[in-house]
Amino acid sequence: MARSPDADLTDEAAYELSRRAVVRLSGYGLGGALTLPFLPDAAAAEDGAGIVKPLPPELFVPRGTNAETRWEAMLGQGYLTPVDRFFVRNHVATPRIDARAWRLRIWGDGLRGGPVEFTYDALRRLPAETLTARIECTGNARSLFTTQQGQRVSGTAWGLGAVGVARWRGVRLSVLLERAGISRRAVDVMPRGLDADYVDGGVNLGRVRRPLPVAKARKDVLVAYEMNGRPLPPDHGFPARLVVPDWVGVASVKWLGDIEVSTTPLASPWNTQYYRLFGPDYPPEGSAPLTRMNTKSAFELPWDGEIPRDTRVLHGRSWSGNGRVTSVAVSADGGATWRRARPHGPSLARAWTRWTIPWRPPGPGRHELLARAADETGAAQPDTAPYNTLGYLFGAVARHPVTVK
Ligand SMILES: Nc1nc2c(c(=O)[nH]1)N[C@H]1C(S)=C(S)[C@@H](COP(=O)(O)O)O[C@H]1N2
Ligand SMILES: [Mo]
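Because the structure is a prediction, the values reported are computed rather than measured.

Things to note about the side chain of Thr69
Relative to the assigned elements, Thr69 resides in strand S2 (residues 66-69). Overall, Thr69 belongs to the buried group, its relative accessible area being 5%. Among the polar contacts made by the side chain of Thr69, one reaches the main-chain carbonyl oxygen of Arg85 at a distance of 2.6 Å.

Here you go:
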């Protein structure tokens, strides 16, 4: 499997590195505390590790335990992102779960009675709904803070490909909560995944979990067991996951194992130390926990790649966590002049809008393509994104470099 360019290691070198780390550690004759910082690092050198589906290089850019969709692989596709090219964001690794032994347990002081369990079959027998919705990582386009704004941020250096739209089928979370006997006093629910504990900087933070206010949980959240007409693939949460429309991707907990229902506000590292905005413009504890995603646009083109001289039309997609996309303007001269793109096909608020714009390359050489979307709230993508140390919510207009041959 391909390795990240910054690691720049051959298989042998990587093996050497991890072996040396082990030898060095055993030389110290120490266990536990000191081995932890080394071994996960060596393991992280394996790009795409822990992902089950194939990651062909023409469809994905592997990034550590994650894989980013190549936007050029969306050219000629329909409205949905096919599973074979849907991005994967794994804190740890895709677990293999036996649906026959699996249970979804709902529990907590926010239930009128005791805990309730649903089997996979029981879940599939409940009234089903379909929802065409986007899932987008909060750090999508994070690398543009650095390349476009010269700022240092930490986290996976995503381009614009940590987003996808699928047709999800499952049971409304509100139906499950009703059946479990949710109390009127419940304020938060906390879905938790069945993947392994997440360890960051040697600290074990437990399993991925993030509180969700009851109001959102009851509004439009789906407990999905199908993606694009098939059972959920292992990497996308089999046997069941949440789909939390418009919200930060981390809310859509995969490999759902249990949901706590609480009459008091809940907290986890995923709404305290991550998924808030930190930095000079924010209080020390960060902003409020992030909820909705913002507005973005992408061209269905390779990033900083070559495009043929006989190109006559450009394709792209725009989306917003704040509502339906209402207009998209495109500039092919670095932002000097703008033209309106032509939308086509469905334009669902919780998914995205496809568009095209005619363009004849003026001549060979480098060009910057820009697309600026506005949504039904009237808000358009800004020229710069507010800096935050973890590089969340880059919603500025991306300057997409291309070279015409
Ligand atoms: N259990 C669990 N759920 C999870 C994650 C995870 O690592 N473990 N990653 C979250 C994040 S950060 C994102 S962006 C989405 C990505 O969903 P996908 O991998 O299906 O594209 O899943 C979310 N749900
Ligand atoms: Mo994410």
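Description of the pattern of salt bridges
Throughout the structure, instances matching the rule amount to 21 salt bridges. Here Asp258 makes a salt bridge to Arg207, at a shortest N to O gap of 3.8 Å. Of the two residues, Asp258 sits in strand S14 (residues 256-262) while Arg207 sits in the loop between strand S9 (203-204) and strand S10 (212-213), which places them 51 residues apart along the sequence. Owing to a relative accessible area of 6%, Asp258 belongs among the buried residues under this scheme. Classification of Arg207 by relative accessible area gives partly exposed; the value is 24%. Within the structure, one salt-bridge network assembled from shared partners comprises Arg124, Arg169 and Glu226.

Considerations on the site of ligand 1
Around ligand 1 sit 19 residues in total, of which Phe87, Asp195, His236, Arg241 and Lys254 are the nearest. Between His236 and ligand 1, the recorded distance is 2.7 Å, taken from a side-chain N or O atom to an oxygen atom. Arg241 places a side-chain nitrogen or oxygen 2.7 Å from an oxygen atom of ligand 1. About the coverage of ligand 1: the protein hides 100% of its 530 Å² of free accessible area.

With respect to the sheet that holds strand S23 (residues 399-404)
Spatially, the five strands line up as an open sheet ordered S16-S23-S22-S18-S19, and their pairing is mixed. With one partner strand each, in any of the chains shown, strand S16 (305-307) and strand S19 (339-340) form the two edges of the open sheet.

About the cut-offs
- Residues numbered from 1 in each chain as written.
- Chains lettered and ligands numbered in written order.
- Predicted model: local features only at pLDDT ≥ 70, side-chain atom pairs only at ≥ 80, totals over all residues.
- Heavy atoms only, no water.
- Helix = DSSP H or I, 4+ residues; strand = E, 2+ residues; numbered from the N terminus.
- Buried < 20%, exposed > 50% of the residue type's maximum accessible area, 1.4 Å probe, protein only.
- Polar contact = N/O pair within 3.5 Å; in protein donor to acceptor, adjacent residues only side chain to side chain.
- Salt bridge = Lys/Arg side-chain N within 4 Å of Asp/Glu carboxyl O.
- Near = heavy atom within 4 Å.
- Areas by Shrake-Rupley, 256 points an atom, 1.4 Å probe, with all protein chains shown as cover.
- Pairing = 2+ DSSP bridges.

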